[in-house]
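Fold and contact review
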Amino acid sequence: MPAKEILIIGAGLAGIASAWALRQRGHRVTVFDAHDGPAEETSFANAGALTPSEPEPWNAPGVHWQLLSSLADPHSPMKLRLKAVPGLTPWGLRFLWNSRRKPYEAACQANFALSHHSLKLTQAVREAEKLDYDNLSRGTLKICREAPPEAVRDGINKTLADMGLASEILDVEQTLAREPMLEAVRDQIAGSVFYPLDESGDARAFTRELAKRAEAAGVKFEWQTRVHELIDRAGHIIGVRTDDEEIEVEAVVLATGHASWKLLAPLGLHLPVRPVKGYSLTLDMSGLNERPGLPVVDEALHTIATPMGDRLRIAGTAEFTGLDRTLREDRVDNLRNLLRSIYPQIADTLLSGEEKAWCGFRPMSADGRPFIGETRAKGLWLVTGHGHLGWTQAMGSGDVLASLMSDETPAIDTQAFSAARI
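Scope of this entry: the structure provided in the associated data block. Please read these numbers as outputs of a predicted model, since none were measured by experiment.

1. Comments concerning the packing of aromatic side chains
Taken as a whole and assessed by the stated rule, the structure comprises 8 aromatic pairs. Taking the centre distance of 4.9 Å and the plane angle of 55° together, the rings of Phe 206 and Trp 391 count as tilted. Taken as a pair, Phe 206 in helix H8 (residues 203-216) and Trp 391 in helix H12 (residues 390-405) lie far apart in primary sequence, 185 residues in all. Of the two residues examined, Phe 206 and Trp 391, each falls in the buried class.

Structural data, given as structure tokens:
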């Protein structure tokens, strides 16, 4: 089809991946972002895990009990704060409604299909463009402290195995052979599940590297440019208004995470995506002789420790706290305690060195699936709502979006991600 003039708002993982995919199809693409460079918000310091093995939405069956109990538990991996409750209605009711078994399993399968497709594209662009982002292709190891690994892998994973999810049950000795640094907590481990196809890496470095390649391929970038309004002409979006000017284009893509509602609400489009705060702690490993060799997920604490070159990133927790950007010390302490519980032999050394604590907002959809496609406002497209799978699903989402905008048949079924859901 003829090339289109397309404006993407947002230069995080979703925006840059979409810009790359659209430019590869010959479209004329410009990216606007309010910051002075790519990946300065949610993509800045995430867990670094590319995990098709973790397609489950956070609103799993029984999530209501987790949220209620978290009100009195400062260490709860999923934390609801009372002050956020008014702002979560009616989104929260939809979130809980979709925690029923049937919609939960449907979301798992849809997310896995997109994640699996996305990982292949991430690998392909890495090789083709020689991207350097501290990538590891060693899988992830999910250690089990209480439940046996067979129980952890059962359930939805049986269905996903038929779709391409590879996993291995490891006993304690096999777990330690895979990650010798876990020897210090041998007596606390019941076994593990190993996912050999997962990868990891620095999402911010990937985004910035891909943005450079996109710019070299002809994508234009306008930094420190804030879009205040979409230009609506009889239900058709024809451009945007910034601080300085009006720009008309053939299509606008919102890749603005949880903040997308600000531009959508004046159009009568109410996006069921809310911010869920996550934390990370990045530590300097350059002085260690022995280091962790692959990402380790703690099934009991719902957190992950990811090696990134000379750094170790501890990430996790989900905090429902509205738009409160406070970097809470008690939540960072949870990550320090996780480090001590997985790698006690190196924890004191790492924690006595440089620490970089961070928090950011994951855009969480009420039904656990991202929004990818055109809204009922013609010319306005979405790629947002990925929750904890933004890094895992970025390249696949960009590819699906670009296929739809180019009148191609996407590589996967896209009905589950339709923007017609809003």
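2. Considerations on helix H10 (residues 329-342)
Look at H10: 20 Å from first C-alpha to last across 14 residues, which is about the 20 Å you get at 1.5 Å a residue. Taken together, the buried positions of H10 are occupied by Arg 331, Val 332, Asn 334, Leu 335, Arg 336, Leu 338, Leu 339, Ser 341 and Ile 342.

3. Here we look at empty space enclosed by the protein
Leftover empty space is mapped by rolling, across the atoms, a probe with the size of a water molecule. Evaluated as defined, the whole model comprises 2 cavities of 30 Å³ or more. In this model, the largest cavity occupies a volume close to 60 Å³. For the largest cavity, the lining is made up of 13 residues, of which Met 364, Gly 368, His 386, Gly 387 and His 388 are closest to its centre. Within this model, the second largest cavity holds a volume of roughly 50 Å³. In terms of lining, the second largest cavity is formed by Pro 52, Phe 112, His 116, Gly 164, Leu 165, Ala 166, Leu 197 and Asp 198. Here the lining of the second largest cavity is built from residues that sort into 5 nonpolar, 2 polar and 1 charged.

4. Some remarks on the packing of helix H1 (residues 13-24) against H8
Viewed as axis vectors pointing N to C, H1 and H8 meet at an angle of 30°, and their least axial separation amounts to 9 Å. For the element pair H1 / H8, the angle class is roughly parallel. Considering the relative orientation of H1 and H8, their crossing is left-handed. Touching Leu 13, Ile 16, Ala 17 and Trp 20 of H1 are Ala 203, Phe 206, Thr 207, Leu 210, Ala 211, Arg 213 and Ala 214, all from H8.

5. Some details on the state of the cysteines
This model, assessed by the stated rule, comprises 0 disulfides. No disulfide involves Cys 144; its sulfur sits 17 Å from the nearest other cysteine sulfur, which is in Cys 108. Looking at Cys 144, the relative accessible area reads 1%, which means it is buried.

6. Structural notes on the layout of surface pockets
Approximately 330 Å³ is the volume attributed to the second largest pocket. Forming the boundary of the second largest pocket are 17 residues, of which Gly 87, Trp 261, Leu 271, Val 273 and Arg 274 lie nearest the centre. The set of elements that each furnish at least two residues to the lining of the second largest pocket consists of helix H3 (91-97) and strand E14 (273-284). Ranked by residues supplied to the lining of the second largest pocket, first place goes to E14 with 3 residues. Here the residues of the lining of the second largest pocket are counted per class, giving 11 nonpolar, 4 polar and 2 charged.

7. Some words on the packing of H1 against H12
The interhelical angle for the contact between H1 and H12, taken along N-to-C directions, is 40°, at an axis separation of 8 Å. Judged on the interaxial angle alone, H12 and H1 are oblique. Considering how the two elements wind past one another, H1 and H12 form a crossing that is right-handed. In this structure, H1 uses Leu 13, Ala 17, Ser 18, Trp 20, Ala 21 and Leu 22 to contact H12, whose residues at the interface are Gly 390, Trp 391, Ala 394, Met 395, Gly 398, Asp 399, Leu 401, Ala 402 and Met 405. Looking at the contact of H1 with H12 residue by residue, the class counts come to 11 nonpolar, 3 polar and 1 charged.

Reading the values: the criteria
- Residues numbered from 1 in each chain as written.
- Predicted model: local features only at pLDDT ≥ 70, side-chain atom pairs only at ≥ 80, totals over all residues.
- Heavy atoms only, no water.
- Phe/Tyr/Trp six-rings, centres within 6.5 Å; stacked < 30°, edge-to-face > 60°.
- Helix = DSSP H or I, 4+ residues; strand = E, 2+ residues; numbered from the N terminus.
- Buried < 20%, exposed > 50% of the residue type's maximum accessible area, 1.4 Å probe, protein only.
- Expected span 1.5 Å × (residues − 1).
- 1 Å grid on protein atoms, 1.4 Å probe; cavity = no way out; pocket = protein on both sides within 12 Å on 5 of 7 lines; lining within 4 Å.
- Points joined across faces, edges and corners; volume = space filled by probe spheres on them.
- Nonpolar A, V, L, I, M, F, W, Y, C, P; charged D, E, K, R; others polar.
- Axes fitted to C-alpha atoms, helices over the stretch in contact; angles between N-to-C directions.
- Parallel < 35°, antiparallel > 145°, perpendicular 65-115°, else oblique.
- Left-handed = near helix turned anticlockwise from the far one by under 90°.
- Contact = heavy atoms within 4.5 Å.
- Disulfide = S-S within 2.5 Å.

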